[in-house]
Amino acid sequence: MNIMFKSTRGDKNHITASQAIVKGIADDGGLYVPESIPKIDFDLGEITHFDYRELAYRVLRLILTDYTENELRYCINSAYDEKFDTPLIAPLVKAGKANFLELFHGRTIAFKDMALSILPYLLKTAAKKNGVTEEIVILTATSGDTGKAALEGFADVEGTRIIVFYPEDGVSDVQKAQMVTQKGANTCVAAIKGNFDDAQTAVKKIFTDNEFKAELKSKGFVFSSANSINIGRLAPQIVYYFYAYAQLVDAGEIKMGDKVNFTVPTGNFGNILAGYYAKQMGLPVNKLICASNDNKVLFDFITTGDYDINREFIVTVSPSMDILISSNLERLLYHISGSEAKTKELMDALSNGGKYSFKINDEFAAEYATIEDTFDAINSLYTETGYVMDTHTAVAYSSYQKYLKTSQDNTPNIIVSTASPYKFAKDVLRAIDDKYDGINPFEALEVLYDVSETLIPEPIKDIDKREIIHKTVIDRAEIKDFVRGKLN
Ligand SMILES: *Cc1c(COP(=O)(O)O)cnc(C)c1O
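Overview of the structure. The structure displayed is predicted, hence computed values, not measured ones.

Turning next to the packing of helix H6 (residues 145-154) against helix H7 (residues 173-180). Relative orientation of the contacting elements H6 and H7 amounts to 25°, with a least axis distance of 9 Å. With respect to each other, H6 and H7 are oriented roughly parallel. For the pair H6 and H7, the sense of crossing is left-handed. Contacts from Asp145, Gly147, Lys148 and Leu151 in H6 reach Gln175, Gln178 and Met179 in H7. Looking at the contact of H6 with H7 residue by residue, the class counts come to two nonpolar, three polar and two charged.

In structure tokens, the structure reads:
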């Protein structure tokens, strides 16, 4: 079946998957969703026989229907290869009673690699299919993980350039070191004086600056986005929900066909939304448990029906979840309401007053973990089992323990693990023992090696000793001139 994509807000233009991937966001400001969510056309029992690539092909071909088999297999094989430090790509690991789906075995040791390893190939193929001859310039504002994963994904990809802006003082030391040492002739990284919102707003302004876009088009460039509003980032994330399920069957923890829960540490709602799509496609899922940190807008929304960003923004130890506007929730609102008009009304209310009310169904549950809960979770699991979680995964672990207590729901559960503990080593060590409080962030890597008895991931080994390539610091008012200068 051929699946077309349309805007969540009612734009009448329906386009193919590859066109949606090039465009990123609809002209009316809505996000692209499939006209209908396809059902799997293979027997669920078969999934234990597929490796990651085969499963990716079986799932993606149902959604990205205008890609040929050759095109899709080329994208998949180019993405999920030795860049990952295990041939399993996304292994399911048991520690104590908990099952962790480890999504951090790619090049930037966070789950963003699962989609950003393949997006450049999907985009390049899409450009070719649709006769886009301009060079594609990826503009990205990042609070840490997306920027590095996008840089790694697009580095030296022919026909593309990537420019990343990060807040000068708003990312962790390891995250910053990862970005400023980035190699690749087509990569460019600049620090912005200001916070993440400043960087994001300045970049968004460029996407809607028609005069500037026309100027650059005449020079042979078009802009595109690598953030999670792009359907090309969402679709690849559906795959690992099926893959996790297959591994749980293989491990003898469940029988094929049994229902499972997934607990997902959530920020922009992209990861957990992919789980919802997997369920709609036919994966036996009972509950999707949305885990938040202290910025618990989603917990409040799911439990009360009121979404309200008029609150203090809290800087936590799980920075990739420090977010108040979860963009991908818009897609869920559309799917549940079935109405573009309703979705637009809610999104207008959000941009005007910062709040709206809407009751979602009981397919979702929600819990949250404070900073203290997060540290406690890391500490107790480490003490019991020796397994070390990162701070984001710990938010999910802690939230799941609360869910177990309040719900009495004993459905087997998978915790989606989104980052290597090495990426947040300083805070992880602090959770394990007070004596590590104030440790140097790079020294922390060596210490965590001793504590966790796992190897320091290759991508961040000696990262503080690498050559710093990107040193530019600019004012946010200079972003446009900076981009112009880079493309001349
Ligand atoms: C991005 C990120 C998240 C949040 O994922 P969303 O798809 O934005 O909900 C959680 N943990 C880590 C480590 C991340 O990088």
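Let's shift gears to the nonpolar core. Soluble globular proteins tend to bury their nonpolar side chains together. Within the largest apolar cluster, 114 residues are counted, with the highest numbers of intra-cluster contacts made by Leu64, Phe242, Phe262 and Tyr356. Counting residues per element, this core draws most heavily on helix H10 (residues 231-250), at 14 residues. The residues contacting Phe262, other than those within four sequence positions of it, are Tyr241, Ala244, Leu283, Val285, Lys287, Leu288, Ile289, Asn413, Ile414 and Val416. Phe100, Ile289, Ala377 and Met389 belong to the second-largest nonpolar core, a separate cluster that totals 43 residues.

Mapped onto the fold, Ala56 is located in helix H2 (residues 52-63). On a C-alpha basis, the gap between Ala56 and Ala235 in space is 9.7 Å, while along the polypeptide they are 179 residues apart. Not counting chain neighbours up to four residues away, the residues in contact with Ala56 comprise Ile76 and Val239.

Under the defined criterion, the tally for this structure stands at 20 aromatic pairs. An aromatic cluster of at least three residues, connected via ring pairs, comprises Tyr52, Tyr80, Phe84 and Tyr243. Sitting above the plane of the Tyr67 ring, Lys129 keeps its charged end 5.6 Å from the centroid. When the ring centre of Tyr368 is taken as reference, the NZ or CZ atom of Lys296 above it lies at 5.1 Å.

The strands making up a sheet associate through hydrogen bonds between their backbones, and the pairing can be parallel or antiparallel. Read from one edge to the other, the open sheet built from five strands follows the order E8-E5-E6-E7-E15, with strand pairing classed as parallel. Two strands in the sheet have a free side with no partner beyond their single neighbour: strand E8 (221-224) and strand E15 (473-475). Strand-to-strand twist across the sheet, computed as the mean angle between neighbouring axes with direction ignored, equals 30°. Helix-sheet contacts for H6 involve strand E5 (135-141), strand E6 (160-167) and strand E7 (187-193), and the interaxial angle to E6 is about 165°.

For Gln178, the location among the structural elements is in helix H7. Once residues within four sequence positions are removed from consideration, Gln178 is found in contact with Thr108, Ile109, Lys148, Lys423, Ile460 and Ile463.

Parameters at a glance
Residues numbered from 1 in each chain as written. Predicted model: local features only at pLDDT ≥ 70, side-chain atom pairs only at ≥ 80, totals over all residues. Heavy atoms only, no water. Axes fitted to C-alpha atoms, helices over the stretch in contact; angles between N-to-C directions. Helix = DSSP H or I, 4+ residues; strand = E, 2+ residues; numbered from the N terminus. Parallel < 35°, antiparallel > 145°, perpendicular 65-115°, else oblique. Left-handed = near helix turned anticlockwise from the far one by under 90°. Contact = heavy atoms within 4.5 Å. Nonpolar A, V, L, I, M, F, W, Y, C, P; charged D, E, K, R; others polar. Core = buried A, V, L, I, M, F, W, Y, C linked by side-chain atoms within 4.5 Å. Buried < 20%, exposed > 50% of the residue type's maximum accessible area, 1.4 Å probe, protein only. Phe/Tyr/Trp six-rings, centres within 6.5 Å; stacked < 30°, edge-to-face > 60°. Lys NZ or Arg CZ within 6 Å of the ring centre and 35° of its normal. Pairing = 2+ DSSP bridges.

Functional significance is not addressed by these values, which are geometric in nature.
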